[in-house]
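Below, each chain spelled out in residue letters.
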Amino acid sequence: MKFKRLKRQLFTRWAVLCFAALCMIMIHPEPAPGFTNSEYRRFQAGIINYQNRLNKKFRKIRRKQTRYIIVHTSELGLKATLRVVSRGKQFKSGFRTPGGHANYVIARNGRVYRIMNKAFRADHAGRSMWNRQKDISSVSLGIELVGYHYAPLTDRQYRSAAMLIDILQKVYNLSDLAVLTHSQIAYGLPNPWFRKDHRGRKRCAKNFDRARAGLGPTWSHDPDVRAGLLMPDPQLDSLFYKKSGSVRILAQASNLISKENSAWSIAGEDYDSQTTVYILPGGKALPGDRVKKIIGWSHLPVNTRVLLNQDTGEKQASVPDLPVKIISTSMTAWSHAGQAYKEKTTVYFLPSGKTRSGAQISDWDDLPIKTRLIIGYQGPHKITKDRTAYRIAGSAYKSEKTVYHFPSGRVTTGNKVKDFSQLPRGTEIYLPL
Ligand SMILES: [Zn+2]
């Protein structure tokens, strides 16, 4: 009898516990799908504190309100991104912004940097408006993804973005609708293309794939365009609010000028800036502020490569039409090689002396400054006693396109080799495809 009652009591207690647990699960479906609590803890502990690098001239002000999370692409490599968002953007005129241009930076390898406390107002959105509200920097957090708006972001960046955004959404009680890209919220004043205020000033993060960052519902339309306050930018409008957008994004995921991809649709308001450099098909480089005078905007040849932010406090990349290119803080593998950066036929000569093909490199952020690269080459062909440069390259052995890699690490072209009879043993030749 006693035993039976005990059994019943135990069963009731067990049922109550189960019911309670079920309720807990239904009310608190945490952690968010895909991530465990320990993953969140590890993620937060792994954020790199970069706050002491902030420009002292930057004034820290607490936001009174947080309504949005704005996603950017930095259009620079990691080092230059960290420098610009922390220290400020340097202009040729000598003017320098006081920095503080993001709350967080997410590197290509997924590493997250805290530029300033999430409570502070970062100066990241510039002239902006969403749903009739202007100055979005005052009511939002800014996240910079290291990369380009015309190139894919990495899986590890999406994973970190998903966690970071999820955490911030919980802190500030924000829905997925509150997560927008800079290209969605920036607007510009009238210019030769638009007679009224308009969208399209920034193209930043237009390649941001919400689903890959774990984000659901978004805006079906641009509220300020619908209200007649702004003119739409045709390209961004079809990308964000028309069903055909995802198809078009592929066609425009390029920094090469074409019929569909104008200087405006690649560079936005920076199209005529000194820091936007146009590399013409022959290799000649032209800064944006000289295009109008020298070529004219309607005469830019197809396949001209557009490079943004080419003046970030260091010397302009020198003569870019030479076959041997050099990685610097403003010229990443991507800005030299475009989509070809990870091809087998793109060869990297690391400062350590090692040689790697694009297929062997996982990310350009891992490539040290001063790495040299050649694009569209086959090789190496080793020079031996019996295999001379002439045997390998034929009459092209002294061409400016034939690349020599010396055991000392030096990389040069055939036209610069003084004495072919003195080539050191182990010299390698690369031939253009
Ligand atoms: Zn931006």
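Remember, predicted model here, so these are calculated numbers, not experimental data.

## As for the coordination of the zinc ion
Protein-derived ligands of the zinc ion are H72 (ND1), H182 (ND1) and C204 (SG), with the metal-ligand distances lying across 2.1 to 2.3 Å. Its relative accessible area of 4% is what places H182 among the buried residues. The exposure class of C204 is buried, given its relative accessible area of 8%.

## A look at the confidence of the model for the protein chain
Considering every residue of the protein chain, the mean pLDDT works out to 86; 86% of them sit at 70 or more. Low pLDDT, under 50, characterises residues 313-319; the stretch is placed with eight contacts to residues that sit more than four places away or in other chains.

## Considering the pattern of salt bridges
Evaluated as defined, the whole model comprises eleven salt bridges. For D155, the salt bridge identified is with R212, shortest N-O distance 2.3 Å. Taken as a pair, D155 in helix α4 (residues 155-172) and R212 in the loop between β10 (198-199) and α6 (223-226) lie far apart in primary sequence, 57 residues in all. On the basis of relative accessible area, R212 is assigned to the partly exposed category, the value being 38%.

## Remarks on the packing of aromatic side chains
All chains considered together, the criterion is met by 16 aromatic pairs. For the ring pair F194 and W264, a centre distance of 5.6 Å and an interplane angle of 50° mean the geometry is tilted. Residue F194 is found in the loop between β9 (187-188) and β10, and its partner W264 is found in helix α9 (residues 263-267); the two are separated by 70 residues along the sequence. The exposure class of F194 is buried, given its relative accessible area of 6%. A centroid spacing of 4.8 Å and a plane angle of 75° characterise the contact between Y397 and F420, whose relative ring orientation is edge-to-face. Note that Y397 is positioned in the loop between α12 (389-393) and β19 (403-405) and F420 in the loop between β20 (411-413) and β21 (428-432), a separation of 23 residues in sequence. Members of the aromatic cluster, connected to one another through ring pairs, are W193, F194, W264, Y271, Y278 and W297.

## Regarding the environment of S399
Tracing the backbone shows S399 in the loop between α12 and β19. Once the C-alpha coordinates of S399 and T413 are considered, the two residues, 14 residues apart in sequence, prove to be 7.0 Å apart. The residues touching S399, leaving out its near neighbours within four places in the chain, are T413, G414 and N415.

Analysis parameters
Residues numbered from 1 in each chain as written. Predicted model: local features only at pLDDT ≥ 70, side-chain atom pairs only at ≥ 80, totals over all residues. Heavy atoms only, no water. Donors = N, O, S within 2.8 Å, 3.2 Å for Na, K, Ca; no water. Buried < 20%, exposed > 50% of the residue type's maximum accessible area, 1.4 Å probe, protein only. pLDDT = per-residue confidence, 0-100. Contact = heavy atoms within 4.5 Å. Salt bridge = Lys/Arg side-chain N within 4 Å of Asp/Glu carboxyl O. Helix = DSSP H or I, 4+ residues; strand = E, 2+ residues; numbered from the N terminus. Phe/Tyr/Trp six-rings, centres within 6.5 Å; stacked < 30°, edge-to-face > 60°.

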